[in-house]
Amino acid sequence: MSIESKFVHGDIVKVFPTGETGTVKGVRESDNRYVYGVQLGENAATETDVAEDKLELVKKANDDETGFAIRYIS
């Protein structure tokens, strides 16, 4: 049985306990759990690995007023 990742590339998330907001740039599986590369701030070169249980969704990737949401895992 495979578990799906909760977040995908481009989702905007809040990191706990710091409260910082960032964008998911990558997803990988480690020890039967997902770890996300999250870009915090404007610097594209700054990416932090965060465990799934330390993130909360703020906005889905490509979710706009049209009602269409295109989501993919990189």
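Quick notes on the rules
- Residues numbered from 1 in each chain as written.
- Predicted model: local features only at pLDDT ≥ 70, side-chain atom pairs only at ≥ 80, totals over all residues.
- Heavy atoms only, no water.
- Helix = DSSP H or I, 4+ residues; strand = E, 2+ residues; numbered from the N terminus.
- Polar contact = N/O pair within 3.5 Å; in protein donor to acceptor, adjacent residues only side chain to side chain.
- Contact = heavy atoms within 4.5 Å.
- Salt bridge = Lys/Arg side-chain N within 4 Å of Asp/Glu carboxyl O.
- Buried < 20%, exposed > 50% of the residue type's maximum accessible area, 1.4 Å probe, protein only.
- Core = buried A, V, L, I, M, F, W, Y, C linked by side-chain atoms within 4.5 Å.

This next bit is on the side chain of Gln39. Position of Gln39 relative to the elements: it lies in strand S3 (residues 33-40). Polar side-chain contacts of Gln39 include one of 3.3 Å to the backbone oxygen of Gly41. With residues up to four places along the chain from it excluded, the contact list for Gln39 reads Gly22, Thr23, Lys25, Ala44, Thr46 and Glu47.

Before going further, it helps to examine the pattern of salt bridges. A complete count under the given rule lists one salt bridge for this structure. A salt bridge links Arg28 to Asp49; the nearest nitrogen and oxygen atoms lie 2.8 Å apart. With Arg28 in strand S2 (residues 21-30) and Asp49 in strand S4 (residues 47-51), this pair connects stretches of sequence that are 21 residues apart. For Arg28, a relative accessible area of 41% translates into the label partly exposed.

Glancing now at the nonpolar core. Membership of the largest hydrophobic core is limited to 11 residues, which are Phe7, Val13, Val15, Val24, Val27, Tyr34, Tyr36, Val38, Leu40, Val50 and Leu55. Contributions of two or more residues to this core are made by strand S1 (12-15), S2 and S3. Sorting elements by how many residues they give to this core places S3 first, with four residues. Filtering out sequence-adjacent residues up to four positions away, Val15 remains in contact with Glu20, Val38, Leu40, Val50, Lys54 and Leu55.

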